[in-house]
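Breakdown of the fold
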Amino acid sequence: MIWDNSFAVSIIPFLLHGLWVTVKITLLGTAIAAALGLALAVLRRLAIPVVSPAASFFVIFIRGTPLLVQAYCAYFVLPLYGVSFDAFTTGVVVIGINYSAYMAEVYRSGIEGVPAGQWEASTALSLPRARVWSRIILPQAFRTVVPMLGNYLIQMFKDSAILSAITVVELMATAQAIGSSSFRYLEPLTLAALLFLAVSYPASQIVNRLERRYAPKH
């Protein structure tokens, strides 16, 4: 098959719309993952009976099962029990929950990296637990985990293509639909790959700069 420039140009607007859907999925999914991941990390650290073990099991379960299986269960199985959302909402929630388990581990490593003296000083001063977490521990932990969170954001952007399996019309699904209707897959799939690269590569460079900026000083 020979590359057709005129056809490639004609499908770019459709692919850009798919890219915008992918970006929205990534941003909304990241918001869910960051918030839920932080909650999971804190709950596990607090060692609350029942709650903390449940949070640990949740993280293990989500990390141990494929995103595609989770998406299928959410979109095809949950409606059988009366829990039903549109494909876009389901995709955002599923990918957000999936990455929350990974971000919880990132937060956990950041929290455990806070010097023990900070905890001891807070205890000696009898500071309220909420203030200790919000003013002392989390700001220090967050500073060290920013680069890793950025890496997960980029990974989520690329993994959003998996959601095409549950009819989310993002970039990959758009490319597949164009290929199916035109019987030409070379141009849409190539352009989709280039669009993924056009977003993920600059983002990875930003993350690399953050890694150098927040790297431990020796």
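Please read all numbers here as calculations on a predicted model, not as lab measurements.

1. Description of unusual backbone geometry
Positive phi values are uncommon outside glycine, yet Val-50 reaches one of about 70°. In this structure, Phe-183 is a non-glycine residue whose phi angle is positive, near 60°. Take Phe-183: it is sitting in the loop between α7 (171-182) and α8 (186-213). When its relative accessible area of 65% is taken as the criterion, Phe-183 is described as exposed.

2. Side note on the packing of aromatic side chains
The full count for this structure, using the stated rule, is 7 aromatic pairs. Ring centres of Phe-57 and Phe-61 lie 6.1 Å apart, and the angle between their planes is 25°; on these two criteria the pair is classed as stacked. Here Phe-61 and Phe-57 lie together in helix α2 (residues 51-64), a separation of 4 residues that amounts to about one turn. Note on Phe-57: relative accessible area 57%, which makes it exposed. Ring centres 5.0 Å apart and planes at 80° place the aromatic pair Tyr-75 and Phe-76 in the edge-to-face group. When its relative accessible area of 22% is taken as the criterion, Tyr-75 is described as partly exposed. Look at Phe-76 and you get partly exposed, because its relative accessible area is 44%. Three or more aromatic residues joined by ring pairs form one cluster here, namely Tyr-72, Tyr-75 and Phe-76.

3. Section: the pattern of salt bridges
Taken as a whole and assessed by the stated rule, the structure comprises 4 salt bridges. Arg-44 serves as the salt-bridge partner of Glu-105, at 2.4 Å between the closest nitrogen and oxygen. Here Glu-105, found in helix α4 (residues 87-112), pairs with Arg-44, found in helix α1 (residues 5-46); they are 61 residues apart in sequence, far enough to count as distant. Between Arg-184 and Glu-187 there is a salt bridge, with the nearest N and O atoms lying 2.4 Å from each other. Glu-187 carries the same exposure label as Arg-184, and that label is buried. Via salt bridges that share partners, Arg-44, Glu-105, Arg-108 and Glu-112 belong to a single interconnected network.

4. Brief notes about the nonpolar core
Judged by nonpolar contacts, the single largest core of 30 residues is most densely connected at Ile-25, Ile-95, Ile-137 and Leu-163. For this core, the secondary-structure elements that each account for two or more residues are α1, α3 (67-77), α4 and α6 (129-159). With residues near it in sequence (within four places) discarded, Leu-163 still touches Ile-25, Ala-71, Gly-91, Ile-95 and Val-168. Counting residues in hydrophobic clusters, the runner-up holds 14 residues, among them Phe-7, Phe-157, Ala-161 and Ala-192.

5. Considering α7
In this model α7 runs 17 Å from its N-terminal to its C-terminal C-alpha over 12 residues, within 8% of the 16 Å that 1.5 Å per residue would give. Listed as buried for α7 are Leu-171, Ala-173, Thr-174, Ala-175, Ile-178 and Gly-179. Residues of α7 that are buried in the fold lie against α1 and α8. One side-chain oxygen of the residue at the start of α7 lies 2.9 Å from the amide nitrogen of Met-172, identifying that residue as Glu-170. Within two residues after α7, Phe-183 carries a phi angle of roughly 60°, on the positive side.

Reading guide: rules and limits
Residues numbered from 1 in each chain as written. Predicted model: local features only at pLDDT ≥ 70, side-chain atom pairs only at ≥ 80, totals over all residues. Heavy atoms only, no water. Helix = DSSP H or I, 4+ residues; strand = E, 2+ residues; numbered from the N terminus. Buried < 20%, exposed > 50% of the residue type's maximum accessible area, 1.4 Å probe, protein only. Phe/Tyr/Trp six-rings, centres within 6.5 Å; stacked < 30°, edge-to-face > 60°. Salt bridge = Lys/Arg side-chain N within 4 Å of Asp/Glu carboxyl O. Core = buried A, V, L, I, M, F, W, Y, C linked by side-chain atoms within 4.5 Å. Contact = heavy atoms within 4.5 Å. Expected span 1.5 Å × (residues − 1). Polar contact = N/O pair within 3.5 Å; in protein donor to acceptor, adjacent residues only side chain to side chain.

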